[in-house]
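# Coordinate inspection notes
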Amino acid sequence: MQHIRPYALLFAICVGALPARSDEVVFADALGNPAMPGWRKAWKPETPVTVGATARPGGGQAVRFTSREAVFAVAVHDLPAEKLSGKRVILSIWRKADGIVTGDKHYRNAKTMLIWRGAADEKTMNPGTARSDLKGTSDWEHHRYLVHFPEDLQFARVHLGLEGCTGSASFTDLSITITDRFADEAAFARFLADEEEKAL
């Protein structure tokens, strides 16, 4: 994970930082349209949530989820499992929190989460709340993490929105990128740390 400031300048720099030539973007969405075409809205019509537009760093629009009640309002997009089997991928997104209050469990927060399941997995997997969740109040941050999918991958999806929490969460410039540049999460963490140090 990476938090970088100042926002507008570094937004332009970091959006260009990934992917490199050894990477392949398999899904990308600027998230500038609050209708979120192509996404499944996994909540009931009566759910008290508003999905609207807000300004993003560098100009343009971002998607903003807002609710005063602890709601489950997550947008879901399928990823190509046959292409991702056995691959390491980077989730990259810009996000912002405004008064997000955790719900009745520690993992009831705003989500920028990959979920997946392999044939040998007993349950659906995710990267854990430390990497996927957003809470409290924070300005725009460039958030990235690495996931290694199993060879027997059956499905993979990305979830964005509010899961059992209140407040507002904004998202823009999402990408899912296959990479062969990092052997593991530790190597990716070193890369992020080096990049942040160079930006200071």
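Source: prediction; values computed, not measured.

Before going further, it helps to spend a moment on the packing of aromatic side chains. Using the criterion set out here, one finds seven aromatic pairs in the structure. When the centroid spacing of 6.0 Å and the interplanar angle of 20 degrees are considered together, the rings of Phe188 and Phe191 count as stacked. Taken as a pair, Phe188 and Phe191 lie in helix α4 (residues 185-199) at a separation of three residues, close to a single helical turn. An aromatic cluster of at least three residues, connected via ring pairs, comprises Trp43, Phe65 and Phe171. Lying over the aromatic face of Phe155, Arg157 brings its terminal NZ or CZ to 4.2 Å of the ring centre. In this structure, Arg181 packs its charged tip against the face of Phe191, placed 5.5 Å from the ring centre.

A separate point is the pattern of salt bridges. Within the structure shown, the criterion is met by 14 salt bridges. Between Arg64 and Asp98 there is a salt bridge whose closest N-O contact spans 3.7 Å. Here Arg64 is found in strand β4 (residues 61-79), whereas its partner Asp98 is found in strand β5 (residues 88-101), with 34 residues between them in sequence. Relative accessible area serves as the criterion here: at 29%, Arg64 is assigned to the partly exposed category.

Time to look at the pairing of strand β3 (residues 50-55). Examined bridge by bridge, β3 and β4 share six bridges and lie antiparallel to one another. Note that in β4 the partner of Gly52 across the bridge is Arg64. In this structure, the hairpin formed by β3 and β4 is closed by a connection of five residues, where Gly58 is found at a positive phi of approximately 85 degrees.

Counting residues in hydrophobic clusters, the biggest one holds 38 residues, and the most contacted among them are Leu31, Trp39, Leu84, Leu114, Phe149, Leu174 and Ile176. Elements supplying a minimum of two residues to this core: β1 (24-29), β4, α2 (81-84), β5, β6 (110-118), β8 (136-148) and β9 (153-179). Of the residues forming this core, the biggest block, 11 residues, is contributed by β9. In this structure, Phe149 is in contact with Leu84, Gly86, Lys87, Val89, Leu114, Trp116 and Ala156, ignoring residues within four places of it in sequence. Counting six residues, the second-largest nonpolar core is a separate cluster that includes Ile90, Leu146, Ala187 and Phe188.

What counts, and where the lines are drawn
- Residues numbered from 1 in each chain as written.
- Predicted model: local features only at pLDDT ≥ 70, side-chain atom pairs only at ≥ 80, totals over all residues.
- Heavy atoms only, no water.
- Phe/Tyr/Trp six-rings, centres within 6.5 Å; stacked < 30°, edge-to-face > 60°.
- Helix = DSSP H or I, 4+ residues; strand = E, 2+ residues; numbered from the N terminus.
- Lys NZ or Arg CZ within 6 Å of the ring centre and 35° of its normal.
- Salt bridge = Lys/Arg side-chain N within 4 Å of Asp/Glu carboxyl O.
- Buried < 20%, exposed > 50% of the residue type's maximum accessible area, 1.4 Å probe, protein only.
- Pairing = 2+ DSSP bridges.
- Core = buried A, V, L, I, M, F, W, Y, C linked by side-chain atoms within 4.5 Å.
- Contact = heavy atoms within 4.5 Å.

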